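Commentary on secondary and tertiary structure
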Amino acid sequence: KYQLQDCGGNFIENCFGVNVIETAPTGFNQFYAVVATSTFGIHFMTIDQAGTVVQNLSFDFPGLPYIQKRPAIRESATPGHYYVCASYRADSAVVGLIDATTLFPTFTWANFYNANWIEPTDLIESPYNANELIVVGRCDIPTFAPNADGFFMSLNTINGALNSFITYTKY
C-alpha cells in the first residue's frame, strides 16, 4: 500500500499501483518520473535521487471513485514529455501525455477509451510510424469481449485520437 503526498508534503490518498522510470540525468543528479493510480485518478511526479518531490500533477477521473490497476509510464522521444496509462473502472482505459518541461507539469492531452473491457499494461512510441503511440494490454472480463484475451491500440501522439483498435485471442 502506498501513500501520495503533494509538493507541500500534504497527504493525498492511498495508491493502488506505482511505476517509476529513470529520466535523463542533469549534471550530477539523477531524476525519476513516478506515476501512481488511486481511486480518484492518475498522479504524476518527478523526484530527485534523494526522493524529494520536484514536480507533482494529478488527473482526477470523473464520477465515482474506482479501484485502478498498475499504471505504465514511458518518456517520449521529446525530453521531459511522458506518456501514462491506466485502467479506469474495469471497462476502459485512460491514456495521457504529460509535459513536465516546466516547474508545474500539465497534461497535453488525456483521453478515455471505452472498448471491450480493456486494461492497458504498457505503451511505447512507435519506432516505425511518426506520431504513433502503441498501447497494449489485456481484456479484463472475457464475457464482455468474447474470444479476446488482449488488445493492441494505436493512438495519435499529437492529440491521443484513436487510429486503430484490435483484439487478439492469443497475445
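Residues numbered from 1 in each chain as written. Predicted model: local features only at pLDDT ≥ 70, side-chain atom pairs only at ≥ 80, totals over all residues. Heavy atoms only, no water.

1. Comments concerning the pairing of strand 6 (residues 72–75)
In this structure, strand 6 lies alongside strand 7 (residues 81–88), joined through four bridges in antiparallel fashion. Looking at strand 7, one finds that E75 is bridged to Y82. Hairpin connection between strand 6 and strand 7: a loop of five residues separates the two successive antiparallel strands, and G80 in this loop has a positive phi of roughly 85 degrees. (Pairing = 2+ DSSP bridges. Helix = DSSP H or I, 4+ residues; strand = E, 2+ residues; numbered from the N terminus.)

2. Examining the nonpolar core
By size, the foremost hydrophobic cluster in this structure holds 17 residues, and its most contacted members are V95, W109, L123, L133, V135, M153 and L155. Put simply, the parts of the chain that give this core at least two residues each are strand 7, strand 8 (92–99), strand 9 (106–114), strand 10 (118–125), strand 11 (132–139) and strand 12 (150–156). Beyond its immediate sequence surroundings of up to four residues, V135 is in contact with V95, P120, D122, L123, F151, F152, M153 and L155. (Core = buried A, V, L, I, M, F, W, Y, C linked by side-chain atoms within 4.5 Å. Buried < 20%, exposed > 50% of the residue type's maximum accessible area, 1.4 Å probe, protein only. Contact = heavy atoms within 4.5 Å.)

3. Focus on the sheet that holds strand 13 (residues 162–168)
Taken together, the four strands give an open sheet; going across it, the order is 10-11-12-13, and neighbouring strands pair in antiparallel fashion. Only two strands of the sheet have a single partner each, and these edge strands are strand 10 and strand 13. Strand after strand, the sheet turns through a mean of 20 degrees between neighbouring axes, direction not considered. The pairing of strand 11 with strand 12 spans seven bridges and is classified as antiparallel. From the neighbouring strand, R138 faces strand 12, where its bridge partner is G150. (Axes fitted to C-alpha atoms, helices over the stretch in contact; angles between N-to-C directions.)

4. Some points on the sheet that holds strand 6
Strand order in this open sheet of four strands is 6-7-8-9, and the pairing throughout is antiparallel. Because the sheet does not close on itself, it has two edges, and the strands there are strand 6 and strand 9. Recorded for the sheet is a direction-independent mean angle of 15 degrees between the axes of neighbouring strands. As judged from the eight bridges shared by strand 7 and strand 8, these two strands associate in the antiparallel manner. If you follow Y83 over to strand 8, its bridge partner there is L97.

5. Re the environment of I124
Following the sequence through the fold, I124 ends up in strand 10. By relative accessible area, which is 45% here, I124 ends up partly exposed. Counting along the chain gives 49 residues from I124 to E75, while the straight-line C-alpha distance between them is 8.6 Å. Aside from chain neighbours lying at most four places away, what touches I124 is E132, L133 and I134.

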